[in-house]
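# An overview of the molecular structure
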Amino acid sequence: MRAVALILALVLALWPGAPAQAQEAGRLVLGGSSLTQAPQGWWHRLFGPAPLEVALTLDRPVPWRAFLVGEPARLVIDLRDVDLAGLDPAQLFGKDLAPAIRWGSFRRGWSRLVIELPGPYRVARAGLRTQGPEARLQIGLDPVAPEDFAPRPSAAAALRNLPDPAQLPEPPPRAPGLAVTLDPGHGGFDPGAQAGGETEAALVLTFAQELRRALEARGVTVSMTRDSDVYVRLEDRMTAARQAGAHLLLSLHADALPQGQAAGATVYVWNPASDGRAAAQLALRHQRDDLLAGMDLRGQDDTLATVLMDFARTDTQPRSEAFARLLTSRMALRGIGLHGRPVQGAAFSVLKSPDIPSVLLELGFISDQTDLANLTDPEWRARMVEAVAEATTGWWRDEQARAGLLRH
Ligand SMILES: [Zn+2]
């Protein structure tokens, strides 16, 4: 474990910031794939649909994940680096057992298969076995009563259909075993953005301290990259998270952008290809002081490091994105004003840990009058703290469910 951490630390130091070389995509062997129905016992004949099994043959093992979504009940299977172009779902053996099957490329090297289910099901078992050079992914689905159907929470659904405050669900369960590193941005000689006599460094530190108390009350182990007005280098912030054994790094900011460009909470995940103007301005702001301190790693190159880094991130990136979606969903439920595009990609250095899911939350932009008033309002901060704490414990619950489901 320590050796792995050392290698990752080394890889991190060598990271040239360039996208990885494209590798040849894997292939779905359609002739060796099927949707089948388990033999029906008397119970199923009388009371409902039969268990289903999805079997996918791939020309090599790939990272994958599977989960259920609702309305209508669907099984979603994501496959990394598998090209489904030219393959027709209508050719899948047993396709008539499902009301609809669709697939296509999803994003950033992932392909997605969506199988509409003939009723509510649960994932009874799931696994990927290798057979020579090939791999076979099998997912067994058992029918369940409608009230036992448990789809993954969907940020999009939550945003579309906001419940009244009275309908807010109970606080999520405690999350013992979870370690989170909170990273209040800036500090010391770097006050960050400034407006109305407030500094970003002080505002995000106050918020981080309030969030720490809320998380600790839920049984979460919390560490901070800084707990006072000191400057911490970006590299040291990631190192602190790794040394704390953090499962999640949450960087907190409240930056300024030219008037009218930005308002509302925004969640950033790592994306080296991001070309957003605001993201580029913020990246410059976040990196400025480290660049001055001689920490610029650009210009270094190491192909092996790039490949290792990308391999590690294959697992980390979707988990960062899952947290980002859950976070925006919880903020919306708590009535927090969100940016028009609440989840964005950016090449912020602090997000590039290959092994720790990392997210940067702009609580708001202090260049915006409303956001600045919110950030200095304890009542607003308490709602925001609740939203982040709920997202964190909810994410941990999903992580543990995923750990039982996902096998590389
Ligand atoms: Zn900042």
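Before any of the text, the structure's been laid out above.
Notes on the structure in this doc start here. (Residues numbered from 1 in each chain as written. Predicted model: local features only at pLDDT ≥ 70, side-chain atom pairs only at ≥ 80, totals over all residues. Heavy atoms only, no water.)

### Things to note about helix 5 (residues 234-243)
So the rule is basically this: Partly exposed describes any residue whose relative accessible area lies between the buried limit of under 20% and the exposed limit of over 50%, with all areas from a 1.4 Å probe on protein chains only and scaled to the type maximum. Helix and strand assignments follow DSSP, with helices taken as H or I runs no shorter than four residues and strands as E runs no shorter than two, numbered in order from the N terminus. Comment: arc refers to directions from the helix axis out to C-beta atoms.
Among all positions in helix 5, only L234, E235, R237, M238, A241 and R242 are buried. Viewed end-on, helix 5 has its buried residues packed into an arc of 160 degrees, placing them on one side of the element. Immediately downstream of helix 5, the backbone of G245 shows phi near 65 degrees, a positive value.

### Let's talk about the packing of aromatic side chains
Definition in use: To pair, rings of Phe, Tyr and Trp, with the six-membered ring standing in for Trp, must have centres within 6.5 Å; the planes then decide the type, stacked if under 30 degrees apart, edge-to-face if over 60, and tilted in the middle.
Enumeration according to the criterion identifies four aromatic pairs in this entry. Between F189 and Y231, the ring centres sit 4.5 Å apart and the planes meet at 40 degrees, which makes this aromatic pair tilted. Here F189, found in the loop between strand 10 (179-184) and strand 11 (194-195), pairs with Y231, found in the loop between strand 13 (221-224) and helix 5; they are 42 residues apart in sequence, far enough to count as distant. In this structure Y231 comes out as partly exposed when scored by relative accessible area, which is 24%. Ring pairs connect the aromatic residues F323, W395 and W396, which therefore count as one cluster.

### Side note on the environment of G127
Basically, it comes down to this: Here, two residues are considered to be in contact whenever any of their heavy atoms come within 4.5 Å of each other.
In this fold, G127 is placed in strand 8 (residues 121-131). We classify G127 as partly exposed; its relative accessible area is 22%. Counting along the chain gives ten residues from G127 to L137, while the straight-line C-alpha distance between them is 5.8 Å. Excluding residues within four positions of it along the chain, G127 makes contact with W64, R136, L137 and Q138.

### Things to note about the pattern of salt bridges
Here is the rule we go by: Salt bridges are defined by distance alone: a side-chain nitrogen of Lys or Arg within 4 Å of a carboxyl oxygen of Asp or Glu.
In this structure the tally under the stated criterion is 15 salt bridges. Note that R218 and E386 form a salt bridge whose closest N and O atoms lie 3.2 Å from each other. Within this pair, whereas R218 is found in the loop between helix 4 (200-217) and strand 13, its partner E386 is found in helix 9 (residues 378-405), the two being separated by 168 residues in sequence. Among the residues examined, R218 registers a relative accessible area of 9% and is labelled buried. Overall, the relative accessible area of 25% leaves E386 in the partly exposed class. One salt bridge connects E399 with R319, and the closest N-O pair in it is separated by 3.0 Å. Note that E399 is positioned in helix 9 and R319 in helix 7 (residues 303-333), a separation of 80 residues in sequence. The class for R319 is buried, based on a relative accessible area of 14%. When salt bridges that share partners are traced, they join R330, R334 and E390 into one network.

### Re the side chain of S251
Note the threshold: A 3.5 Å cut-off defines polar contacts: any pair of N or O atoms within that distance qualifies, except that in protein one atom must be a possible hydrogen donor and the other a possible acceptor, and neighbouring residues in sequence count only when both atoms are side-chain atoms.
For S251, the location among the structural elements is in strand 14 (residues 248-253). There is a polar contact of 2.6 Å between the side chain of S251 and the side chain of D183. The residues contacting S251, other than those within four sequence positions of it, are D183, V350, V359, L360 and L361.

### Digging into the sheet that holds strand 5 (residues 82-83)
Defined as follows: Paired strands are those between which DSSP finds at least two bridges.
Strand order in the open sheet made by the five strands is 5-1-2-9-8, with mixed pairing throughout. Of all the strands in the sheet, the pair left with one neighbour each is strand 5 and strand 8. One ladder, built from six bridges, connects strand 1 (residues 26-37) with strand 2 (residues 52-58); its direction is antiparallel. From the neighbouring strand, S34 faces strand 2, where its bridge partner is A55.

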